[in-house]
Amino acid sequence: MRLHRKLHWRIVLAYTGLIVTSLAVISVFLVDFVRGTYLDDLELRLEHEASLLSEATVHFLSPEMKASELQSASERIGGRIGARVTIIAQDGQVLADTWEDASTMENHGDRPEVLAASSAGLGKDTRLSSTVHRDMIYTAVPIVEEEVSLGIARVAVPTSQIHSNLIRVIITVSASAVFVAFLSIVMGYFIARRTSRSVRSVAE
């Protein structure tokens, strides 16, 4: 009987160790894969939103348009896409912003994403915003009309939003792994029990 119990628990522990190790490796790989995919999708989404913002606000940069109309359009678009929207003139002056008063904001001509958008057509950067004092992910594109650059359209989202979404993914994956591991261990217990009985019968 003692040999039977000893063999039984050896099988259970071996089976449990194999399941837990396999699930841990798979979970780490899955979390890393989901994180990479999420960040890639976010970058692509911000690029599309910045391009749409550029197209939607180009006619607001004409001399006849009022600053209040550009601000209203920016707030409307920012609310729909769920991101901070900033419209910057060619000289770096902030014309509209959905989080702060544009008239009080400093010149943005030296911002990395603005410089890259002016020179290469697309600019990205992640940093602490000196205006809202939050870590932000920025994407900027030029506002062009008839091949003439009129300014820069920029969208941004806080990194805290990304981290909270990733934490939810990690919790979901971890909870699923724990649940599967528990079911596997229970099944392993009964499988080990049957196996040990068969071995005992052969031994007898």
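Scroll up to find the structure this text is about.
Let us look at the structure shown here.

The rules we used
Residues numbered from 1 in each chain as written. Predicted model: local features only at pLDDT ≥ 70, side-chain atom pairs only at ≥ 80, totals over all residues. Heavy atoms only, no water. Buried < 20%, exposed > 50% of the residue type's maximum accessible area, 1.4 Å probe, protein only. Helix = DSSP H or I, 4+ residues; strand = E, 2+ residues; numbered from the N terminus. Pairing = 2+ DSSP bridges. Expected span 1.5 Å × (residues − 1). Arc of directions from axis to C-beta.

Right, let's get into the pairing of strand β1 (residues 84–89). The element β1 is largely enclosed, with a buried count of 6 among its 6 residues. The alternating pattern of β1 places R84, T86 and I88 on one face and V85, I87 and A89 on the opposite face, and all of these are buried. Pairing analysis gives 6 bridges linking β1 to strand β5 (residues 148–158), with the strands arranged antiparallel. Each residue of the ladder has a partner; that of T86, found in β5, is R154. Two elements, β1 and strand β2 (residues 94–97), share 3 bridges in a ladder whose sense is antiparallel. Residue pairing in the sheet places I88 in a bridge with V94 of β2. Linking β1 to β2, which pair antiparallel, is a turn of 4 residues; within it G92 sits at a positive phi near 100°.

Turning to helix α2 (residues 67–81), a few remarks are in order. If you check α2, its first and last C-alpha atoms are 21 Å apart, about what 15 residues at 1.5 Å a residue would give, namely 21 Å. Considered for burial, the residues of α2 that qualify are L70, Q71, A73, S74, I77 and G78. All buried residues of α2 fall inside an arc of 165° around its axis, so they share one side. The exposed set on the far side of α2, more than 90 degrees from its buried face, consists of G79 and R80. Following α2 by one or two positions, G82 has its phi on the positive side, about 70°.

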